[in-house]
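Take a look at the letters that make up each chain.
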Amino acid sequence: MSMKLITSSCILREWVYRDRITLTKNANHPEIAQWMRDGFPSPYSLEDADNFIEMATGGENNQIYLAIDLNGEVVGGIGVRRLGDIYRKTAEIGYWITPANQGRGIVTDAVRAIVPYTFQKLDIIRIEAGVFHTNYASKRVLEKNGFVLEAVHQNAIYKNGQILDECLYVLFPGTTNTGKTPII
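These numbers come from a predicted model, not from an experiment.

J.: Honestly, the environment of Gly 59 in this entry has me stumped. Any pointers?
T.: You can see Gly 59 is positioned in the loop between helix H3 (46-56) and strand S3 (63-70). Through-space distance from the C-alpha of Gly 59 to that of Trp 15 is 11 Å; in sequence the pair is 44 residues apart.

What follows is the structure, encoded as structure tokens:
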């Protein structure tokens, strides 16, 4: 039985091979890639989708990668991966959504759903997110979910020919007001 997290605006579910065409189409936007690490390809090819789905479904115990499904179509993705070495009690969260679905609260709901699940599944004491200082929408998503700004790493990011600050947001168990999302 596959795992699903149901929110008021979307379903978070495991990635499956048949998502490859929709993932290729919906991830292939420079408007998404501009806010992501360089490992997120632009343009986004079918081979990129295949590689991602293979990684996301690889069964590693230190990661959670879920598709954001809206009315049966993948419109984004959310993932959490536990860090290694001395940071092994910390996980990092990241997410994206199609431009047409931005600003609708879908990612806020997705973060709200995955956070308690992450604290249950992974042996961690904190979740963090590094956000470009110019990505106001992503910072707002985190703040709505109880994340707090822990640090600003000045001139830490080089993206698209620009040097940017990284805002590091963090959340500890019990410090959020996320509520419970049914797991099916």
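Now that the structure has been shown, we can carry on.
J.: Just checking my understanding: could you explain the pattern of salt bridges for this structure?
T.: Oppositely charged side chains may form a pair once their charged atoms are brought near each other. In this structure the tally under the stated criterion is 12 salt bridges. A salt bridge links Asp 69 to Arg 13; the nearest nitrogen and oxygen atoms lie 2.8 Å apart. Separated by 56 residues along the polypeptide, Asp 69 in strand S3 and Arg 13 in strand S2 (residues 11-14) bring together distant segments of the chain. For the pair shown, Asp 69 and Arg 13 are each scored as buried. Residues Arg 126 and Glu 150 are paired through a salt bridge, measuring 2.9 Å at the closest nitrogen-oxygen approach. Taken together, the residues Arg 126 in strand S6 (residues 126-132) and Glu 150 in strand S7 (residues 148-159) connect sequence positions 24 residues apart.

J.: Whenever I open this one, helix H1 (residues 20-27) confuses me. Can you help?
T.: Quick reminder: α-helices carry 3.6 residues per turn. Residues three or four places apart thus point the same way. Within H1, burial applies to Arg 20, Leu 23, Thr 24, Asn 26 and Ala 27. Elements in contact with the buried residues of H1: helix H2 (30-33), H3, strand S4 (73-82) and strand S5 (90-97).

J.: Any chance you could explain the sheet that holds S6 here in plain terms?
T.: Sheet strands associate in pairs through backbone hydrogen bonding, adopting either a parallel or an antiparallel arrangement. One open sheet accounts for eight strands, arranged S1-S2-S3-S4-S5-S6-S8-S7; its pairing is mixed. Of all strands in the sheet, those with a lone pairing partner are strand S1 (4-6) and S7, marking the two edges. Averaged over neighbouring strand pairs, the angle between their axes works out to 25° when direction is ignored. As paired elements, S3 and S4 share eight bridges and run antiparallel to each other. Looking across to S4, one finds that Ile 68 is bridged to Gly 76.

J.: Please clarify how the side chain of Thr 7 should be interpreted in this entry.
T.: With respect to the element layout, Thr 7 can be found in the loop between S1 and S2. Only 3.1 Å separates the side chain of Thr 7 from the backbone nitrogen of Ser 9, close enough to count as a polar contact. Here Cys 10 takes part through its backbone nitrogen, which lies 2.9 Å from a polar atom of the side chain of Thr 7. Ignoring any residue separated from it by four or fewer positions in sequence, one finds Thr 7 in contact with Asp 109 and Ala 113.

What counts as what
- Residues numbered from 1 in each chain as written.
- Predicted model: local features only at pLDDT ≥ 70, side-chain atom pairs only at ≥ 80, totals over all residues.
- Heavy atoms only, no water.
- Helix = DSSP H or I, 4+ residues; strand = E, 2+ residues; numbered from the N terminus.
- Salt bridge = Lys/Arg side-chain N within 4 Å of Asp/Glu carboxyl O.
- Buried < 20%, exposed > 50% of the residue type's maximum accessible area, 1.4 Å probe, protein only.
- Contact = heavy atoms within 4.5 Å.
- Pairing = 2+ DSSP bridges.
- Axes fitted to C-alpha atoms, helices over the stretch in contact; angles between N-to-C directions.
- Polar contact = N/O pair within 3.5 Å; in protein donor to acceptor, adjacent residues only side chain to side chain.

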